[in-house]
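# Geometric and topological summary
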Amino acid sequence: MVSEPWWQFENHAVHGLCQRPEQPEAAAQAQARPAVLLVHGFGASTDHWRYNIPVLASQYEVHALDLLGFGRSAKPAGLTYGGALWRDQLVAYVQQRIGRPTVIAGNSLGGFAALAAGAALKDQSAGVVLLNAAGPFSDEQRSTPSGWGAIARRTIASALLKSPVLQRVLFENLRRPATIRRTLNQVYIDRTNVDDALVESIRLPSLDPGAFGVFRTVFDIPSGQPLDELFDQLQSPLFLLWGIRDPWINAAGRRASFQRHAPENTHEVVLEAGHCPHDEVPDQVNKALLDWLGSLAIDGCADG
């Protein structure tokens, strides 16, 4: 069963969907398990979970939503886009739409939002899954480029990117189908799933009237609360799922940082994939997720 509810968050329309097992026995079992909420990355939408939702929903109640500013959700001007907004959106969705403990899984920017929401939800969070998550650590926030050359490059780049004219030119180029495809080809190691449907799922939301306004805010989005602080606040299990050949985030080095700061008993799976493993190697990600979700139920019984 699939539903596509439109939900209001702070008087803005949010697009989401929910899929549950169709068989009565499986549906009853799903009600006894945590719900699962999937959160996309920058520029993506619920469509990016196309290969995951049907498989996960064979055993769990699965939700996905479009963060404000992305996908089919509203893109209002004047909002302070960033981790705090998206954290609050996810927290409200879990409390108002799901209404029970939930595992939140997020990719890239959505990973940061998922972790922040999981920490804020406390015992309403059943777990957090990070797939190549974005976000800084405290020591990274304190580090700044040194030397006049580095300072000059940073200052000039910052000034250029604050130019509305340059931002418009950049935006128009980035939403061209050829540019979208080229970008995806850079971050998918196996390009089999870089297809027309994926390109269109990214291009179409960029045609919405408010899309350019959201894009302009990207250059001023605050870095957000450090990941290590969020780890300290998290009360639920954590699962790190890596596309280790991600060229955007130096996944191998970033994984080492996560290992230094993540809570004890954090589960980890490393896959030969790029920045979006859930769409690039969905069969492997689905198996890893179902195995881990199943282990939560076993651990819960043991604790009880």
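Let me sum up the structure you'll find in this document. (Residues numbered from 1 in each chain as written. Predicted model: local features only at pLDDT ≥ 70, side-chain atom pairs only at ≥ 80, totals over all residues. Heavy atoms only, no water.)

### Description of the pairing of strand β8 (residues 238–243)
Our working definition: Here the term buried applies to any residue with accessible area under 20% of the maximum for its type, exposed to any over 50%, and partly exposed to those in between, with areas from a 1.4 Å probe on protein chains only. Here a helix means four or more residues in a row that DSSP labels H or I, a strand means two or more in a row labelled E, and each is numbered from the N terminus. Paired strands, in this sense, are two strands between which DSSP finds at least two bridges. Crossovers are marked right-handed if the path from the first strand over the helix to the second runs clockwise, as seen with the strands pointing away from the viewer.
Counted residue by residue, β8 has six buried out of six residues, so it is predominantly covered. Side chains L238, L240 and W242 project from β8 onto one buried face, and the interleaved F239, L241 and G243 project onto a second face that is buried too. Judged from the four bridges that link them, strand β7 (residues 125–131) and β8 form a sheet pairing that is parallel. In the sheet register, V128 faces β8, and the bridge partner there is L238. Here β8 pairs with strand β9 (residues 267–271) via five bridges, running parallel. From the neighbouring strand, L241 faces β9, where its bridge partner is V269. Handedness of the crossover is the feature at issue here: the chain leaves β8, passes through helix α12 (residues 251–261), returns alongside β9, and the resulting connection is right-handed.

### As for the environment of T80
Structurally, T80 can be placed in the loop between β5 (62–65) and α3 (83–98). Spatially, the C-alpha atom of T80 lies 9.5 Å from that of V214, the residues being 134 residues apart in sequence.

### Observations regarding helix α8 (residues 177–187)
Residues that lie three or four places apart on an α-helix share one face, since the helix turns once every 3.6 residues. Filter applied, for reference: Read the arc as the range of directions from the helix axis to the C-beta atoms. Every residue pair with non-hydrogen atoms within 4.5 Å of one another is taken to be in contact.
Among the residues of α8, T179, I180, L184 and V187 are the ones counted as buried. Angularly, the buried residues of α8 cover 130° about the axis, an arc narrow enough to put them on a single face. At its buried positions, α8 is contacted by α7 (164–174), α9 (196–203) and α13 (277–280).

### Structural notes on the layout of surface pockets
By rolling a water-sized probe across the atoms, one finds the places where empty space is left. For the record, the criterion: A pocket here means an open set of points on a 1 Å grid, computed over the protein atoms alone, that has protein on both sides within 12 Å along at least five of seven lines. A cavity is instead a set of points where a 1.4 Å probe fits but cannot get out; residues with an atom within 4 Å of a point line either one. Grid points are joined across faces, edges and corners, and a volume is the space filled by probe spheres set on the points. Amino acid classes used here: Ala, Val, Leu, Ile, Met, Phe, Trp, Tyr, Cys and Pro are nonpolar; Asp, Glu, Lys and Arg are charged; the rest, including Gly, are polar.
By volume, the largest pocket amounts to about 1,200 Å³. Taken together, 44 residues make up the lining of the largest pocket; nearest its centre are G41, F42, G43, F70 and V218. Elements supplying a minimum of two residues to the lining of the largest pocket: α3, α4 (109–121), α7, α8, α9 and α10 (211–217). For the lining of the largest pocket, the element with the most residues is α8, which contributes four residues. Its residues assigned to classes, the lining of the largest pocket comprises 26 nonpolar, 14 polar and four charged. Quantified by volume, the second largest pocket comes out at close to 210 Å³. In this structure, the second largest pocket is lined by 14 residues; those nearest its centre are S236, P237, L238, E264 and N265. Take the lining of the second largest pocket: its biggest share by element is four residues, from helix α14 (residues 282–303). Its residues placed into classes, the lining of the second largest pocket shows six nonpolar, six polar and two charged.

### What to know about the nonpolar core
What counts here: Throughout, nonpolar core names a set of buried Ala, Val, Leu, Ile, Met, Phe, Trp, Tyr and Cys residues whose side chains join them through atoms within 4.5 Å.
With 28 residues, the main nonpolar core has L38, V62, V129, F239 and L241 as its most contacted residues. Only β4 (35–39), α2 (53–56), β5, β6 (102–107), β7, β8, β9 and α14 provide two or more residues apiece to this core. The greatest single-element share of this core, amounting to seven residues, is contributed by α14. Not counting residues within four places of it along the chain, the set of residues in contact with V62 comprises L17, C18, Q19, V36, L38, I53, L56 and A57.

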